[in-house]
Every structure is written in structure tokens, then in C-alpha cells.
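Here is how the chains run, residue by residue.
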Amino acid sequence: MGPDGAVGSMGTARPDAVPPSASGTSLSDLARRAGVALEAAQLSRFDAYRSLLLDRGAKVNLTAISDPEEVDRRLFLDALRMVPALDEYRRLAGADSSKRAKRLKLVDVGSGAGFPGLVLKIARPDLDVTLIEATGKKATFLQDAIAALELDGVVAIHARAEDVAHDARQREKHDLATARAVAALPALLELCAPLLRLGGWAFFPKGLEIGDELAAGQRAAPLVGARLVASDPLPGSDTRLVIVEKTGLTHPRYPRRAGIPAREPLGGNKVAKGKTRASNAPTSADDATGIE
Ligand code: SAM
């Protein structure tokens, strides 16, 4: 929440708006307009990642997207738009003296085919990234992509976040957390807050119209030692970025066992299913909308 108690702007970076309908624009240009400069080595990693996705996506039903430009616009760019805000909070997290000399750790819950976690790793290689994915074929794809892209400091774990968050090697060990199109805010908070260290931050891209979900998130956040600090629209997109601070230790009872955080959301008043979904681009062919 802002100083006035309302969830709103916290002064995140303001890159130029990228017209969603622009076409024929290179990933480099799209990223630059979103406030992210990509070097040649990063662009070649994105080229390789795009090829892998298009190749494997068709074979094992990873993504419904088959057009390379759509991969750039709906998958890569959506994740890259988070980078300016992430950088701003990275500086805050890095200002903590105990972290100054260390690499910051980011955990991405429900990565699917790597969104946003793997994109953020390519864009910010100095992050140590953990991708958590419950579906075997997607976790295998992530492990193969990490090897093919020759990335260091990133691992993909095939597990449910409810279980990983009770593993002492992961619990309260991460500086930053992300999750896109995985669940409504109360469930995301229950899954991600236990993974964050005190003073860490979580970033959840969501649709623009999330009034009820935001209210539910505000009820749930204090129950897991978290606080909603912002929900700014990302320029040039139909996404707003909900930003959460880990303000207190999370009780060991959280997260509850697999499936309960989504079925019985903390703070009560289950959000209608349609409102739990981010309006981000579908990335999976596993259900009619492309979003599980
Ligand atoms: N984040 C990716 C994206 O934006 O393209 C994937 C979104 S997909 C709709 C949701 C993913 O979250 C699925 O791959 C699913 O297996 C995974 N997932 C859902 N609940 C999970 C949990 N509790 N722990 C780990 N993964 C989970």
C-alpha cells in the first residue's frame, strides 16, 4: 500500500508505451521501448529460446503460440516489461547490507515454459533463479532449455510450491518472487510469501480489472507476513504489476497442503474463477483459454 494506505503507484520506472499492435518490430526494439536494453549475447539466447519453444511447444503442447512474433510480443515482452520495476526493487533489496556482496535470488512459481522466470534470468543474468513447476513435461522443458541456453545460476524444480516452501533449503531464502497466470492473489501470497526472506519482494502481473482480487489479496497478505505495496499498470500493456513486500515471518503452517491455497483462499470470499486469471497472453494449450 502507498503511504495513504491505498494500493497504488510506488514510483516504478516509466518506460515508453509500446503499442501492442505494432508489428514487424525486433525483440531488441520492443525491449528497448519497454526500458530494457538487451545485448547481442542476450538476443541470441532469446533466439535460441524462441526456437526451442516453437519446436517443443508444438510437439508437447507447451504453448498455443506458433508465430515467432507472437512469442516475442506475448511471451518475451510481457515478462521483459517487469524488468524496470524489478530493477528498482533489486536496488532496495541489494541495499540491505547483508546482501550487498551476494547475488540476489529470485523464485518463479508455476513457471510453465519459463514465464517470466527464464526471461528474467536472460535479461538479468546476475540473478540466481529458481523455477518451480508442478507439471512434469514443462519442468523437463525448463531443464532442457537451461542446458541448451547454457545458463548458469538457474535451476528448474519439478514440484508443487506448497511442498517446496516447506523445504528448509528454500523457505525464506529468496529475495524476489514472481508468478504469472498461476492463481488468484490470496493463493499466490500463500505460495510465495513463505519462500521470501524478510524484506523481500514479490511481483505478480495481473489483468487491469482486478478490484475484487486486490481486495482479497489485501485481506490475505497480513496472514502470511506480507503487504501489498503497489499495483501499477505496465505502460503499453493490458497488465498491472502487483508488488508485495515480505514484512514479517510466515507462520510454519503456511502454505497449507497442495491445492488448498487455491481452493480455500486465505482471507475468505473466494474470487470468481474468471477474475483469478491474469489477462496476460495464453501460454499453454492445456485448456481452452491457454491458461491453466
Ligand atoms: N507462468 C507461466 C506463464 O505465464 O506462461 C505458466 C502459466 S500456466 C497457466 C500455470 C502454471 O503453473 C502451470 O504450468 C502449472 O503447472 C503451474 N502451477 C500451478 N499451481 C502450481 C503450484 N502450486 N506449484 C507449482 N506450479 C504450479
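In this text the structure is predicted, and so the values were computed from the model without any measurement. (Residues numbered from 1 in each chain as written. Predicted model: local features only at pLDDT ≥ 70, side-chain atom pairs only at ≥ 80, totals over all residues.)

Novice: Which residues make up the overall build of the chain, and what are the values?
Specialist: Regarding its fold elements, the chain presents 11 helices and 7 strands. Counting over 292 residues, the chain shows a buried share of 49%. Nonlocal contacts in the chain, meaning residues at least 24 apart in sequence, comprise 70% of its contacts between residues at least 6 apart. (Helix = DSSP H or I, 4+ residues; strand = E, 2+ residues; numbered from the N terminus. Buried ≥ 20, exposed ≤ 12 C-beta atoms within 10 Å, placed from the backbone. Contact = placed C-beta atoms within 7 Å.)

Novice: Give me the lowdown on helix 6 (residues 136–148), citing residues and values where you can.
Specialist: Over its 13 residues, helix 6 runs 18 Å from end to end, which matches the ideal 18 Å to within 8%, given 1.5 Å per residue. Its buried side turned inward, helix 6 meets helix 2 (40–60), helix 5 (117–123), strand 2 (128–133) and strand 3 (154–158). Trailing helix 6 by a residue or two, Glu150 shows a phi angle of about 50°, which is positive. (Expected span 1.5 Å × (residues − 1).)

Novice: Explain the pairing of strand 1 (residues 105–109) to me, using residue names and the numbers behind them.
Specialist: Every other side chain in a regular strand lies on the same face of the sheet, so the side chains alternate between the two faces. With 5 of 5 residues buried, strand 1 lies mostly within the body of the structure. The two faces of strand 1 match: Lys105, Val107 and Val109 on one face and Leu106 and Asp108 on the other face are all buried. Here 5 bridges tie strand 1 to strand 2, and the two strands are oriented parallel to one another. Each residue of the ladder has a partner; that of Val109, found in strand 2, is Ile132. Regarding the hand of the β-α-β motif, the stretch spanning strand 1, helix 5 and strand 2 is right-handed. (Pairing = 2+ DSSP bridges. Right-handed = clockwise from strand over helix to strand, strands pointing away.)

Novice: Residue-level account of the environment of Ala64, with values.
Specialist: With respect to the element layout, Ala64 can be found in the loop between helix 2 and helix 3 (68–80). Overall, the presence of 19 C-beta atoms within 10 Å leaves Ala64 in the partly exposed class. The spacing of Ala64 and Leu54 is 10 residues in sequence and 9.4 Å in space, taken between C-alpha atoms.

Novice: Give me the lowdown on the pairing of strand 3, citing residues and values where you can.
Specialist: When strand 2 meets strand 3, the two strands line up parallel, connected through 5 bridges. Residue pairing for strand 3: Ile132 is matched across the bridge by Ile157. Considered for its hand, the β-α-β crossover made up of strand 2, helix 6 and strand 3 is right-handed.

Novice: Pulling in residues and values, what's your account of the sheet that holds strand 7 (residues 239–246)?
Specialist: Pairing is mixed in the open sheet, where 7 strands are placed in the order 3-2-1-4-5-7-6. Looking at the sheet topology across the chains shown, the edges are occupied by strand 3 and strand 6 (226–233). Put simply, the sheet's adjacent strands are angled 20° from each other on average, direction ignored. Strands strand 1, strand 4 (174–178), strand 5 (196–207), strand 6 and strand 7 of the sheet are contacted by helix 8 (residues 185–192), whose axis makes an angle of about 150° with strand 5. (Axes fitted to C-alpha atoms, helices over the stretch in contact; angles between N-to-C directions.)

Novice: So, the packing of helix 8 against helix 9 (residues 211–220): which residues are in play, and what are the values?
Specialist: Between helix 8 and helix 9, the shortest axis-to-axis distance is 8 Å and the interhelical angle comes to 35°. In this structure, helix 8 uses Leu185, Pro186, Leu189 and Glu190 to contact helix 9, whose residues at the interface are Glu213, Leu214, Ala216, Gly217 and Ala220. Its residues placed into classes, the contact of helix 8 with helix 9 shows 6 nonpolar, 1 polar and 2 charged. (Nonpolar A, V, L, I, M, F, W, Y, C, P; charged D, E, K, R; others polar.)

Novice: Account for the nonpolar core, naming residues and giving values.
Specialist: Judged by nonpolar contacts, the single largest core of 82 residues is most densely connected at Leu80, Leu120, Leu188, Leu189, Cys192 and Val244. The contact partners of Val244, leaving out residues within four places of it in the chain, are Leu189, Trp201, Ala202, Ala221, Ala226, Arg227, Leu228 and Val229. (Core = buried A, V, L, I, M, F, W, Y, C linked by C-beta atoms within 7 Å.)

Novice: Outline the confidence of the model for the chain, listing residues and values.
Specialist: Reading predicted coordinates in detail is not appropriate for stretches of low pLDDT. Considering every residue of the chain, the mean pLDDT works out to 85; 80% of them sit at 70 or more. Long-range and interchain partners of residues 1–14, a stretch whose pLDDT sits below 50, account for 30 contacts in this model, where long-range means more than four residues apart. pLDDT under 50 marks residues 16–22. Its contacts with residues more than four places away, or in other chains, come to 11 contacts. (pLDDT = per-residue confidence, 0-100.)

Novice: Tell me about unusual backbone geometry, residues and numbers included.
Specialist: With the exception of glycine, most residues fall at negative phi, and the peptide bonds are largely trans. Omega for the peptide link from Phe115 to Pro116 comes to 0°, which places this bond in the cis form. Secondary-structure assignment places Pro116 in the loop between strand 1 and helix 5. Residue Pro255 is reached from Tyr254 by a cis peptide bond, and omega for that bond is -5°. As for its position among the elements, Pro255 is in the loop between strand 7 and helix 10 (260–263). Even without being a glycine, Glu172 presents a positive backbone phi close to 55°.

Novice: Got a sec to walk through the packing of helix 2 against helix 3? Specific residues and values, please.
Specialist: Remark: helix 2 packs on helix 3, axes separated minimally by 10 Å, with the N-to-C direction vectors making an angle of 105°. In this view, helix 2 runs roughly perpendicular relative to helix 3, as classed from their interaxial angle. Contacts between helix 2 and helix 3 involve Phe46, Arg50, Leu53 and Leu54 from the first element and Pro68, Val71 and Phe76 from the second. Within the contact of helix 2 with helix 3, the residues separate by chemical class into 6 nonpolar, no polar and 1 charged. (Parallel < 35°, antiparallel > 145°, perpendicular 65-115°, else oblique.)

Novice: Quick one: what's the story with the environment of Val182, residue by residue and with numbers?
Specialist: One can find Val182 in the loop between strand 4 and helix 8. With residues up to four places along the chain from it excluded, the contact list for Val182 reads Val109, Gly110 and Leu188.

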